[in-house]
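# Report on the structure
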Amino acid sequence: MYSKEVMDHFSNPRNVGEIENPDGKGEVGNPVCGDIMKITILVDENDIIADVKFQTLGCGAAIATSSVTTEMAKGRSVAHALKITRDMVAEELHGLPPQKLHCSNLAADALHAAIKDYLKKNGRSIDEFKE
Ligand code: FES
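Everything in this summary refers to the structure shown in the same document. Just so you know, these numbers come straight off a predicted model, no measurement behind them.

### Let's talk about the overall build of the protein
Scanning the protein from terminus to terminus reveals five helices and three strands. The C-alpha radius of gyration of the protein comes to 14 Å, within 12% of the 14 Å expected for a compact globule of 131 residues. The dimensions of the protein, computed from C-alpha atoms along their principal axes, are 45 × 30 × 25 Å. Counting every position in the protein, which comprises 131 residues, the buried fraction comes to 44%. Intrachain contacts of the protein at a sequence separation of at least 6 include 60% that bridge at least 24 residues. Counting only carbon and sulfur atoms, one obtains 50% of the accessible surface of the protein, whose full area is about 6,800 Å². Seen as two clouds, the 15 positive and the 20 negative side-chain charges of the protein have centres 2 Å apart.

Shown next as structure tokens:
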């Protein structure tokens, strides 16, 4: 039922934890199941996400989607990370069972929330990334 990519990230999640004194922090809850996801980021002077970590009180699919999302964002620019969608996360994992698709929302949403927090702290707006 789960792809081998999901099982890999679930059994061996990457970037678990919380960054101390992060440049941005995003926390979101999943309205469907009530699970929670927190993502913290460090951003360098060139707007590159130098480090990213996640913590979740969520299911196995939430763990796998968060893990893969942190890998998709790490070392990439803030502009690139803002374009990571829920669908891209599910695709990167070679699909999720339909009843688990909502779990992939948490990770992308928490990442975007962390970036928005970073921009806000620096007096910037998400609008500068809108095309
Ligand atoms: Fe809640 Fe998957 S069931 S995140």
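### Concerning the pairing of strand β3 (residues 49-57)
Sheet topology places strand β2 (residues 36-43) next to β3; eight bridges connect them, and they run antiparallel. Across the sheet, Ile39 pairs through a bridge with Phe54, a residue of β3. Taking the residues that link successive antiparallel strands as the turn, the β2-β3 hairpin has five residues, and the phi of Asp47 there is positive, at about 65°.

### So, unusual backbone geometry
One non-glycine residue, Asp47, lies in the positive phi region at around 65°. For Asp47, the position within the fold is in the loop between β2 and β3. The class for Asp47 is buried, based on a relative accessible area of 16%.

### Some details on a nonpolar patch on the surface
Among the surface-exposed residues, Met1, Tyr2, Met7 and Phe10 lie close enough to one another that they form a single nonpolar patch of about 420 Å² accessible area. For Met1, the position within the fold is in the segment before α1 (4-11). With a relative accessible area of 73%, Met1 lands in the exposed category.

### Observations concerning the packing of helix α2 (residues 60-73) against helix α5 (residues 103-121)
Running from N to C, α2 and α5 point in directions that differ by 35°, and their axes come no closer than 8 Å. Seen along the crossing, α2 lies across α5 with a hand that is right-handed. When α2 is examined against α5, the residues Ala61, Ala62, Thr65, Ser66, Thr69 and Ala73 are found in contact with a partner set consisting of Cys103, Ser104, Leu106, Ala107, Ala108 and Leu111. In the contact of α2 with α5, the residues fall into eight nonpolar, four polar and no charged.

### Side note on the side chain of His112
Mapped onto the fold, His112 is located in helix α5. Judged by its relative accessible area of 17%, His112 falls in the buried class. Here His112 is in contact with Ala81, Leu82 and Ile84, once residues within four sequence places are set aside.

### Details of the environment of Pro22
Here Pro22 lies in the loop between α1 and β1 (24-29). A relative accessible area of 22% means that Pro22 is categorised as partly exposed. Sequence-distant contacts of Pro22, defined by excluding residues within four places in its chain, comprise Thr40, Ile41, Leu42 and Lys121.

### As for α1
Residues of α1 that are buried include every one of Glu5, Val6 and His9, and no others. Viewed end-on, α1 has its buried residues packed into an arc of 100°, placing them on one side of the element. Turned more than 90 degrees away from the buried face of α1 sit Lys4 and Ser11, all of them exposed.

Definitions and cut-offs
For every chain, the first residue of the written sequence is number 1, and numbering continues from 1 along that sequence. In keeping with the model being predicted, local features are shown solely for residues with a pLDDT of at least 70 and side-chain atom pairs are shown and tallied solely at 80 or more, while totals for entire chains, interfaces and linings include all residues. Calculation of side-chain values draws on the structure's entire complement of heavy atoms; hydrogens and water are dropped beforehand. Runs of H or I in DSSP of at least four residues are treated as helices and runs of E of at least two as strands, each being numbered from the N terminus. C-alpha atoms define the radius of gyration in this analysis, and the globule rule sets the expected value at 2.2 Å times the number of residues to the power 0.38. Throughout, exposure labels follow a simple rule: accessible area from a 1.4 Å probe, protein chains only, divided by the maximum for the residue type, with under 20% read as buried, over 50% as exposed, and the rest as partly exposed. Contacts were defined at the residue level, with two residues in contact if any of their heavy atoms lie within 4.5 Å. The Shrake-Rupley method, run with a 1.4 Å probe sphere, supplies the accessible areas, and residue values consider only the shown protein chains as cover. Lys and Arg are tallied as positive, Asp and Glu as negative. Neither His nor the chain termini are counted. Where a charge lies is defined by one atom per residue type: Lys uses NZ, Arg uses CZ, Asp uses CG and Glu uses CD. Between any two strands, pairing holds if DSSP finds at least two bridges. A patch is a set of surface residues, each over 30% in relative accessible area and not in a salt bridge, joined within 9 Å for like charges and within 5 Å for the nonpolar side chains Val, Leu, Ile, Met, Phe, Trp and Tyr. Any carboxyl oxygen of Asp or Glu within 4 Å of a side-chain nitrogen of Lys or Arg constitutes a salt bridge here. Simply put, an axis is a line fit to the C-alpha atoms, just over the touching stretch for a helix, and the angle between two N-to-C directions goes from 0 to 180 degrees. Here a crossing is taken to be left-handed if its near helix is turned anticlockwise relative to the far helix by less than a right angle, and right-handed if that turn runs clockwise. Three classes are used: nonpolar for Ala, Val, Leu, Ile, Met, Phe, Trp, Tyr, Cys and Pro, charged for Asp, Glu, Lys and Arg, and polar for all others, with Gly counted as polar. Note that the arc is computed from the directions linking the helix axis to the C-beta atoms.

What is shown is where atoms sit, not what they do.
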